Protein chains: 2
Amino acid sequence: MTTTPHTLAPVSADLLRQRLASILPAHCLIEETEAQRPYECDALSLYRELPLFIALPETADQAQAVLQCCHELGVPVVPRGAGTGLTAGAMAHPEGVLLGLAKLNRILDIDPVARTARLEPGVTNLAISEAAAEHGLYYAPDPSSQIACTIGGNVAANSGGVHCLKYGLTTHNLLAVEMLTVEGERVTLGGDGLDGPGLDMLAIITGSEGLLGVTVEVTVKLLPRPEIARVLLAGFDSVSAAGDAVGAVIAAGIIPGGLEMMDALALQAAEDFARAGYPRDAQALLLCELDGTEEEVAQHIDEVSAIFTAHGATSLRVSEDEAERSLLWKGRKSAFPAVGRMSPDYYCMDGTIPRHQVSHVLEEISRLSKKYDLRVANVFHAGDGNLHPLIMYDAADPAQVTRAEQFGVDILELSVAVGGAITGEHGVGLEKLNQMHDQYGESELHLFEDIKAAFDPQLTLNPGKGVPILKRCQEYRALPGKHNHGC
Amino acid sequence: MTTTPHTLAPVSADLLRQRLASILPAHCLIEETEAQRPYECDALSLYRELPLFIALPETADQAQAVLQCCHELGVPVVPRGAGTGLTAGAMAHPEGVLLGLAKLNRILDIDPVARTARLEPGVTNLAISEAAAEHGLYYAPDPSSQIACTIGGNVAANSGGVHCLKYGLTTHNLLAVEMLTVEGERVTLGGDGLDGPGLDMLAIITGSEGLLGVTVEVTVKLLPRPEIARVLLAGFDSVSAAGDAVGAVIAAGIIPGGLEMMDALALQAAEDFARAGYPRDAQALLLCELDGTEEEVAQHIDEVSAIFTAHGATSLRVSEDEAERSLLWKGRKSAFPAVGRMSPDYYCMDGTIPRHQVSHVLEEISRLSKKYDLRVANVFHAGDGNLHPLIMYDAADPAQVTRAEQFGVDILELSVAVGGAITGEHGVGLEKLNQMHDQYGESELHLFEDIKAAFDPQLTLNPGKGVPILKRCQEYRALPGKHNHGC
């Protein structure tokens, strides 16, 4: 299929300013460089860029008008939530508009009978569960950044969290999205049923990293809070023993609410920070949460304890109340900032690997750590094989930055080589665009490209992210003065 | 976005025959009308058509060569599994090739550790669970036609079953698909992880009714068999009382393995057929299956019994062993053939409605039954709001056929009017193409159309099904001698 090449008309910044100013109140339009600074990167600070304008609409109608205006003028638009992404997926385009949705933050409806929440995209992940709590309900996906990250960003990233092993990713907890197309048309994707008629547009939008449209309303499923949840903490004297124990739990037919692993460096950093009582001498730590009815959880605690013991657990502890459960999780949930205290900067990688490869992969990472002379702590969503190595470096030392980036690339290539993937939950963004070629063949990449073009034929929506545009790489590069990150 | 118009070159049947004969053994190519008869319709016998050729490849390579040949010659291709569909989605194109995948029926791998099954598309749904049984595993989605329907067809239809309330549809139990594009390129969609990098191509393929590609290999998740499952059977003296009881179960935070309702006519037909011991005097019957650990099921049986009693259950029975559980399900699972014995023909509709609308919708259907002078029995996947009215008619009487079709259209429009959908699990196919305009606005339909064109720009893959091609309707109709069913 032939598609329209990328042909942005040269834009008059004056005309664009005038049009945006007619749509947005003055405090919702940011042009000055210093005022733009807080928006120059997402949580992956390796990549920075400022846009021509930052538009921060307060209503969906304003967002729609911004898109219509940009479409008419051929101006690139980059949508942004809270900027907590880790792959530069929301990094601005220097000739475009950064469209921030964080001000659209109203909870439109909580329906305790249908068990749904209807939300504007800027509502934070945690705010949904807080609003649902009075009905005994909650929203299951819980990314580490849940205090700050928005539901619109969760949809764009198909976010998970420590409970996604049992309760699924955003895509499994989503009912409907109101989306603006790049042309500024408002469309409704999904609905109340398990499966809507026609193609599953909602699923293709979920995790599409702002490449296909801009979310302006989200309807999610709410779940009843489990009657009880308890955490089992176990230390092991090797990563491979812990890895085998994880496999044995899954093989026993138990699906824990969460099943997390930390290596020695990560657990020591977490313990220094959170004082959760983790066994400092362990080489690997497992945290296994069981939730459900009283009877079910008691039965599962017994089964998992027996499995951990049989696989050589050197220590075992079960939370006896909610306070202890929170404390045991606190170490894990603060692992990133805890590692952050050990080093001026850290680079959080995100790959998935088959569970039985965990020993091999961690050994390789240890070898690479020596090669690049950079420390690394490993946090692992062990149940679903999602590994987060945290590479420690100093951004003030350009040589360390280069080594950290190359270390990251090596980890992604290693993930693919062992049958895994270059991202588990953080997305492709700008960071992993080149690795899409490691992950997929040309035929698959052409399909991605065709879908992108079906939604956005002029390629003005979050250009240069998520999907390598094969056919257009050369055309792009030939355009004078174009920024072609990662293409 | 502009797309290529539908421009099939006039095909020489001789050339096509010659090319197909060079690809397929003689017994895999069917041209004679009488030999083609078994393929003239799917399970919706209202629509019938014969193709130029039926191709029944025995290998994925042969299927690939057939697609490449048809693409080169501009010949329409309609993929088909076991032909158990209910919306004429696999009805042949009179100028095309019907590509039957049923001979690709090898189970390629069962991995009890990873809990996956890798399958050719012609493996039947039930055969997967049979093959997995020795490992204590099974494949969860269980459409009523599971003895006959194929996993490739399940992917195309995003099939559900009585257990999908708890265990999800095909899309929730699928890991990867090997697909042939309309050009005959082989692509891999999905993988082992919860979420692959890039756009969720696997989800857009699932339920795409053969419009986007042809499945030649499927990898599904297997689940451990629940420790125990028990069925609770309850009679009610009104449909609304039963409907309220369903809502109360869900509101109590219990997700049953299955939750089914039958109205008086359906339950009497089922009892006549299966002798399951259903209460003949009830106006509505609920079947609620609870599965899990012994303790969990015992607790839930108590809770659901109390809820049913509080909502006026006139009878209550709990299965005491596997034999009794099978017997109680036997009536429900044979409801369709049981109704079939009461009438020369029946027309199975498939709409979803909000659960609280069930009384209103069943009253309306009762009114329409009088209006069209056709009996109707109602079977309802009550937990997820998926209603199956079975309209009884005599296909030998053209006036009854017309009335049955109009009755069906009225039910679909009623479903949309109460906030539901025109299909719960049977798909759009040919039958519901016009109702897509009731369900969606122009903007949404344009997106569907653009996605279809991204995969199949010449519109030769299962043309005239699933997605109304708005921009091309007029061009289609202007082409001399074109068959434009439902466009």
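With an unreviewed UniProt entry as reference, chain A is termed FAD-binding protein, source organism Halioglobus japonicus.

Time to look at the overall build of chain A. What chain A contains, in helices and strands, is 17 helices and 19 strands. In terms of overall size, chain A behaves like a compact globule, its C-alpha atoms giving a radius of gyration of 23 Å where 487 residues would be expected to give roughly 23 Å. Its C-alpha atoms give chain A principal-axis dimensions of about 70 × 55 × 45 Å. Accessible area of chain A: about 17,300 Å², with a carbon and sulfur share of 51%. Positive and negative side-chain charges of chain A, numbering 35 and 64 respectively, have mean locations separated by a distance of 4 Å.

Ranked by size, the top nonpolar core spans 181 residues in total, and within it Val220, Phe308 and Phe455 of chain A together with Val220, Phe308 and Phe455 of chain B carry the most contacts. Not counting residues within four places of it along the chain, the set of residues in contact with Val220 of chain A comprises Arg115, Thr116, Ala117, Leu119, Ile128, Tyr139, Ile151, Asn173, Leu174 and Leu175 of chain A. Grouped together as the second largest cluster of nonpolar side chains are 31 residues, Ala63, Cys70, Val75 and Leu180 of chain B included.

This structure, assessed with the given rule, holds 42 salt bridges over all chains. Taking the shortest distance from any N to any O, the salt bridge between Arg37 of chain A and Glu34 of chain A comes out at 3.7 Å. Exposure remark for Arg37 of chain A: the relative accessible area of 36% places this residue in the partly exposed category. A salt bridge links Arg325 of chain B to Glu289 of chain B; the nearest nitrogen and oxygen atoms lie 2.7 Å apart. Of this pair, Arg325 of chain B sits in helix α11 (residues 322-333) while Glu289 of chain B sits in strand β14 (residues 284-292), and the two are 36 residues apart along the sequence. For the pair formed by Arg325 of chain B and Glu289 of chain B, the shared burial category is buried. One continuous salt-bridge network, built from bridges that share partners, spans Glu34, Arg37, Glu40 and Arg48 of chain A.

Moving on, we get to the interface of chain A and chain B. Across the boundary between the two partners, chain A contributes 59 residues, which contact 59 residues of chain B. Buried area between chain A and chain B, both sides added, is near 5,000 Å², and the carbon and sulfur share of it is 64%. If you look at where chain A meets chain B, you find 0 salt bridges. There are 12 residue pairs in polar contact (both at pLDDT 80 or more) connecting chain A and chain B. For the side of chain A that touches chain B, the secondary-structure elements that each account for two or more residues are β9 (186-190), α7 (201-205), α8 (239-251), α10 (294-310), α15 (436-439) and α16 (442-455) of chain A.

Within a pair of aromatic rings, the relevant descriptors are the distance that separates the centres and the angle that separates the planes. Residues and elements named next belong to chain B. All chains considered together, the criterion is met by 10 aromatic pairs over all chains. Ring geometry for Phe236 and Phe308: centres 5.8 Å apart, planes at 80°, overall edge-to-face. Remark: Phe308 occurs in helix α10 (residues 294-310) and Phe236 occurs in strand β12 (residues 228-236); sequence separation between them is 72 residues. Look at Phe236 and you get buried, because its relative accessible area is 0%. The exposure class of Phe308 is buried, given its relative accessible area of 0%.

If you rotate chain A by 180° and push it 0.0 Å along the axis, it lands on chain B with an RMSD of 0.0 Å. Taken together, the rotation and translation relating the two chain copies correspond to the operation of a two-fold axis. The share of interface residues of chain A whose copies in chain B are also at the interface is 100%, consistent with both copies meeting through the same surface.

On to the sheet that holds strand β3 (residues 77-80) of chain A. All names here are of chain A. If you walk across this open sheet you meet the 4 strands as β1-β2-β4-β3, and the pairing is mixed. Two strands in the sheet have a free side with no partner beyond their single neighbour: β1 (29-30) and β3. Of the pairings in the sheet, the one linking β1 to strand β2 (residues 53-55) comprises 2 bridges and is antiparallel in character. Residue pairing across strands places Leu29 opposite Ala55, the latter belonging to β2. Against the sheet, helix α1 (residues 13-23) makes contact with β1, β2 and β4 (97-100), and its axis sits at roughly 15° relative to β2, the strand it touches most. Those strands touched by helix α3 (residues 60-73) are β2, β3 and β4, and its axis lies near 165° from that of β4.

Another point: a negative patch on the surface. Negative charge collects at one region of the surface, where Glu227, Glu294, Glu295, Asp302 and Glu303 of chain A together with Glu227, Glu294 and Glu295 of chain B lie side by side. Looking at the negative patch element by element, the count peaks at 4 residues for α10 of chain A. You can see Glu227 of chain B is positioned in the loop between β11 (223-224) and β12.

Before going further, it helps to spend a moment on the sheet that holds strand β9 (residues 186-190) of chain B. Read across the sheet, 5 strands follow the order β5-β6-β10-β8-β9 (chain B) without closing on themselves; strand pairing throughout is antiparallel. For this open sheet the edge positions go to β5 (107-111) and β9 of chain B, each flanked by a neighbour on one side alone. Strand-to-strand twist across the sheet, computed as the mean angle between neighbouring axes with direction ignored, equals 15°. Pairing of β5 of chain B with strand β6 (residues 116-119) of chain B, which is carried by 4 bridges, proceeds in the antiparallel orientation. Residue pairing in the sheet places Asp111 of chain B in a bridge with Thr116 of chain B of β6 of chain B. Set on the sheet, α16 of chain A makes contact with β8 (174-180) and β9 of chain B; between it and β9 of chain B the angle comes to about 65°. Strands β8, β9 and β10 (214-221) of chain B of the sheet are contacted by helix α3 (residues 60-73) of chain B, whose axis makes an angle of about 50° with β8 of chain B.

Let us look at the side chain of Thr352 of chain A. As for its position among the elements, Thr352 of chain A is in strand β17 (residues 351-352). Setting aside anything within four residues of it in sequence, one finds Thr352 of chain A in contact with Gly385, Asn386, Ser415, Gly420, Ala421, Thr423 and Gly424 of chain A.

With that settled, the discussion passes to the state of the cysteines. All names here are of chain B. Scanning the model with the defined rule gives 0 disulfides over all chains in all. Cysteine Cys28 remains unbridged, with the sulfur of Cys70 as its closest cysteine sulfur at 15 Å. Not part of a disulfide, Cys149 finds its nearest cysteine sulfur in Cys164, a span of 13 Å.

Next up on the list: the pairing of β9 of chain B. All names here are of chain B. Sheet analysis places β8 next to β9, joined by 5 bridges and oriented antiparallel. Within β9, the position partnered with Met179 by the bridge is Val187. Connecting β8 to the antiparallel partner β9 that follows it, the hairpin turn spans 5 residues, and Gly184 within it adopts a positive phi of roughly 90°.

Bringing the packing of α8 of chain A against α10 of chain A into the picture now. Packed helices, taken two at a time, are described by the angle their axes make and the gap between the axes. Residue and element names in this part refer to chain A. One way to put it is that α8 packs onto α10 with a least axis distance of 9 Å and a crossing angle of 145°. In the crossing of α8 with α10, the sense of the turn from one axis to the other is right-handed. Only Val304, Ile307 and Phe308 of α10 make contact with α8, whose side of the interface consists of Ala245, Ala248 and Val249. Its residues assigned to classes, the contact of α8 with α10 comprises 6 nonpolar, no polar and no charged.

All names here are of chain A. Spanning 14 residues, α3 covers 20 Å between terminal C-alpha atoms, matching the ideal 20 Å at 1.5 Å per step. Among the residues making up α3, those that are buried are Ala60, Gln62, Ala63, Gln64, Val66, Leu67, Cys69, Cys70 and Leu73. One or two residues past the end of α3 sits Gly74, with phi positive at roughly 70°.

On a regular strand, each side chain points to the face opposite its neighbour's, so the side chains alternate between the two faces of the sheet. Residues and elements named next belong to chain A. In terms of burial, strand β12 (residues 228-236) is a largely internal element, 7 of the 9 residues being buried. Direction of pairing for β12 relative to strand β14 (residues 284-292): antiparallel, over a ladder of 9 bridges. Looking at the pairing, Phe236 lines up with Ala284 of β14. Taken together, the 4 bridges between β12 and strand β15 (residues 315-318) define a ladder with antiparallel strand orientation. In the sheet register, Gly235 faces β15, and the bridge partner there is Ser315.

A few words now on the environment of Glu271 of chain B. Residues and elements named next belong to chain B. As for its placement among the helices and strands, Glu271 is situated in helix α9 (residues 264-274). Sequence spacing of Glu271 and His446 is 175 residues, and the spatial spacing of their C-alpha atoms is 47 Å. Residue contacts for Glu271: discarding those within four places in its chain leaves Ala276, Gly277, Tyr278 and Arg280. Only 2.8 Å separates the side chain of Glu271 from the backbone nitrogen of Tyr278, close enough to count as a polar contact.

Each value, and the rule that gives it
Residues numbered from 1 in each chain as written. Chains lettered and ligands numbered in written order. Predicted model: local features only at pLDDT ≥ 70, side-chain atom pairs only at ≥ 80, totals over all residues. Heavy atoms only, no water. Helix = DSSP H or I, 4+ residues; strand = E, 2+ residues; numbered from the N terminus. Rg over C-alpha atoms; globule rule 2.2 N^0.38 Å. Areas by Shrake-Rupley, 256 points an atom, 1.4 Å probe, with all protein chains shown as cover. Lys, Arg positive; Asp, Glu negative; His and termini not counted. Charge placed at Lys NZ, Arg CZ, Asp CG, Glu CD. Core = buried A, V, L, I, M, F, W, Y, C linked by side-chain atoms within 4.5 Å. Buried < 20%, exposed > 50% of the residue type's maximum accessible area, 1.4 Å probe, protein only. Contact = heavy atoms within 4.5 Å. Salt bridge = Lys/Arg side-chain N within 4 Å of Asp/Glu carboxyl O. Buried area = accessible area lost by both parts, 1.4 Å probe. Polar contact = N/O pair within 3.5 Å; in protein donor to acceptor, adjacent residues only side chain to side chain. Phe/Tyr/Trp six-rings, centres within 6.5 Å; stacked < 30°, edge-to-face > 60°. Least-squares fit on C-alpha atoms with pLDDT ≥ 70 in both. Pairing = 2+ DSSP bridges. Axes fitted to C-alpha atoms, helices over the stretch in contact; angles between N-to-C directions. Patch = residues over 30% accessible without salt bridge, like charges linked within 9 Å, V, L, I, M, F, W, Y side chains within 5 Å. Disulfide = S-S within 2.5 Å. Left-handed = near helix turned anticlockwise from the far one by under 90°. Nonpolar A, V, L, I, M, F, W, Y, C, P; charged D, E, K, R; others polar. Expected span 1.5 Å × (residues − 1).

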